[in-house]
Amino acid sequence: MNPVLQVRALERRVGDVEILRRISLDVMPGEAIGVIGPSGSGKSSLLRCIAGLDPISGGDVLVEGRTAKPGDGAIGMVFQQFNLWPHLTARDNVALALKVVRGMPAKDADAKAEAALTKVGLGALGARKPAALSGGQQQRVAIARTLAMEPRVLLFDEPTAALDPELTTEVLDVIRTLAASGVTMLVVSHEMGFVASLSTRVVFLDHGVVVQAAPPGEVFGGGGEPRVKTFLKTYLERVAWTKDA
Amino acid sequence: MDFIAEALPPMLWAAGNTVWISAVGIALGLVLGVPIAVGCEARRAWALTYVSFFRGVPLLIQLMLAYYALPFLGIDLPAWFAATATLGLCCAAYMAEIIRGGFALVQKGGLEAARLLGLTPRQILLRIRLPIALQAMRPAVINEAILIVKASSLISVVGILELTRSAQAIASSTFEPLPAYALCGAIYLAMNLLLMMFARGRPA
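Keep in mind the model is a prediction, meaning the values are calculated, not measured.

Parameters and conventions
Residues numbered from 1 in each chain as written. Chains lettered and ligands numbered in written order. Predicted model: local features only at pLDDT ≥ 70, side-chain atom pairs only at ≥ 80, totals over all residues. Helix = DSSP H or I, 4+ residues; strand = E, 2+ residues; numbered from the N terminus. UniProt positions renumbered as here; feature names shortened; annotations may be inferred. Contact = placed C-beta atoms within 7 Å. Nonpolar A, V, L, I, M, F, W, Y, C, P; charged D, E, K, R; others polar. Pairing = 2+ DSSP bridges. Axes fitted to C-alpha atoms, helices over the stretch in contact; angles between N-to-C directions. Buried ≥ 20, exposed ≤ 12 C-beta atoms within 10 Å, placed from the backbone.

## Considerations on the overall build of chain B
And step 1. Within chain B one finds 8 helices and 0 strands.
And step 2. Starting at the N terminus and walking to the C terminus, you meet the elements of chain B as α-α-α-α-α-α-α-α.

## Brief notes about the UniProt feature "domain: ABC transporter" (unreviewed entry) in chain A
And step 1. UniProt feature "domain: ABC transporter" (unreviewed entry): in the numbering of this structure it lies at residues 5-232 of chain A.
And step 2. Taken end to end, residues 5-232 of chain A has its terminal C-alpha atoms 28 Å apart, with 36% of it in helix and 26% in strand.

## Remarks on the UniProt feature "domain: ABC transmembrane type-1" (unreviewed entry) in chain B
And step 1. Per the UniProt annotation, the sites labelled "domain: ABC transmembrane type-1" (unreviewed entry) are residues 15-199 of chain B.
And step 2. With 82% helix and 0% strand, residues 15-199 of chain B has its two end C-alpha atoms placed 21 Å apart.

## A look at the interface of chain A and chain B
And step 1. Each side of the interface is counted separately: chain A has 18 residues, and chain B has 16 residues.
And step 2. Top element by residues in the side of chain A that touches chain B is helix H2 (residues 90-100) of chain A. It accounts for 3 residues.
And step 3. Classifying every residue of the side of chain A that touches chain B gives 12 nonpolar, 5 polar and 1 charged.

## Digging into the sheet that holds strand E4 (residues 58-63) of chain A
Residue and element names in this part refer to chain A.
And step 1. Across the sheet, which stays open at both edges, the 4 strands sit in the order E2-E1-E4-E5 with antiparallel pairing between neighbours. A single partner strand is all that each edge strand has here, and the edge strands are strand E2 (17-27) and strand E5 (66-67).
And step 2. Pairing analysis gives 7 bridges linking strand E1 (residues 5-14) to E2, with the strands arranged antiparallel. The residue bridging Gln 6 from the neighbouring strand is Asp 26, located in E2.
And step 3. Contacts between helix H1 (residues 43-51) and the sheet are confined to E1, E2 and E4, with E2 contributing the most and set at about 65° to the helix.

## Let's talk about the environment of Val 14 of chain A
And step 1. With respect to the element layout, Val 14 of chain A can be found in strand E1.
And step 2. Once the C-alpha coordinates of Val 14 of chain A and Ala 116 of chain A are considered, the two residues, 102 residues apart in sequence, prove to be 38 Å apart.

## What to know about the pairing of strand E6 (residues 75-78) of chain A
Residues and elements named next belong to chain A.
And step 1. Side-chain alternation along E6 places Ile 75 and Met 77 on one buried face and Gly 76 and Val 78 on a second face that is also buried.
And step 2. Strand direction decides the pairing type here: E6 and strand E7 (residues 153-157), joined by 4 bridges, are parallel. Looking across to E7, one finds that Val 78 is bridged to Phe 156.

Following this line, the structure appears as structure tokens:
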């Protein structure tokens, strides 16, 4: 089986600052890669370079062997801030690209949008504008919008960072269902429990370098690199909460 | 009552001039505001100078310059032309800033999402940037339109018989300034209330 996404010696520099240093990663169809690491380690930059939103200074990003360009439909991305279009209803947010990019007749596009919204549990809310939806619902609309275009690889850039724990759960459940149905994805997240349970592989980034790329059991099971262990220890100390503490 | 019966017809006729001169000024302002906004966004000296001049110099002085100073340079403009052009050029400076502000409110993230979904720059402009910006601009545009209707009272200085000037004429010929100006104010209020209703009548 060939990898659906190949990242080869990817580099990104801004001035003298090296944000990503020769990152290589092969993603097989159906894999869910969890990307973790401290803030400023290059996680979001990695996704943005893969998506083609940020220019790369060296290396290649190939989707099914071809160089991906923004908008060719190969890569879909879900953002931390949802990035919905506020003047359109949820349904129109999902249907717009189907109509104007894919040239789908309005009726078919709307039907497909409804189906995508139903898939993320929002079938009844298609007529609402983003402002009339909760953060979790908005993020699910954003996921539906990306899904409707049937990308080969789906990128999630801290999809729950702007949400409270309850809303986080509803979004994570949708991502989990997608992963279980075989959607190839890269997920940047600080929800370690989620990354551990979702991922087929976990990539730990620090200062633009892949420190460790291994199955979650290895990364989270204590067999990780020292830098990874330190990071996870700090994380666990923060989330561990007892009445006595 | 007699006063109203006598004064209302000529004042309404003059208000007609106020309406069309303001309308042309606002339309000119909107149309010229677009390239000026683009120029300002690109930090072009001509656009920045334009906005600084028309926002910085009182409209009354601009009208005087257009009507009384330009003839010295050999440019003799008819009064109605000098008035509508000055009103329009001044309005354009404010509209340019309103347009710039409207586009600045369009979130960059929404544009990135559109680009990634494959929309062309043209489609992004027409389907996303423009509708969001127009919605954001609407209150400020209506505000500016109301200001222009009121500012049009200044064009009486170049000799055009518009609402304010007709009130002045009626006040001085009847020696009844209070009802003349009260009626004049009521007509301005009615026109601007109509503008506001027009603005509110459309769903946001």
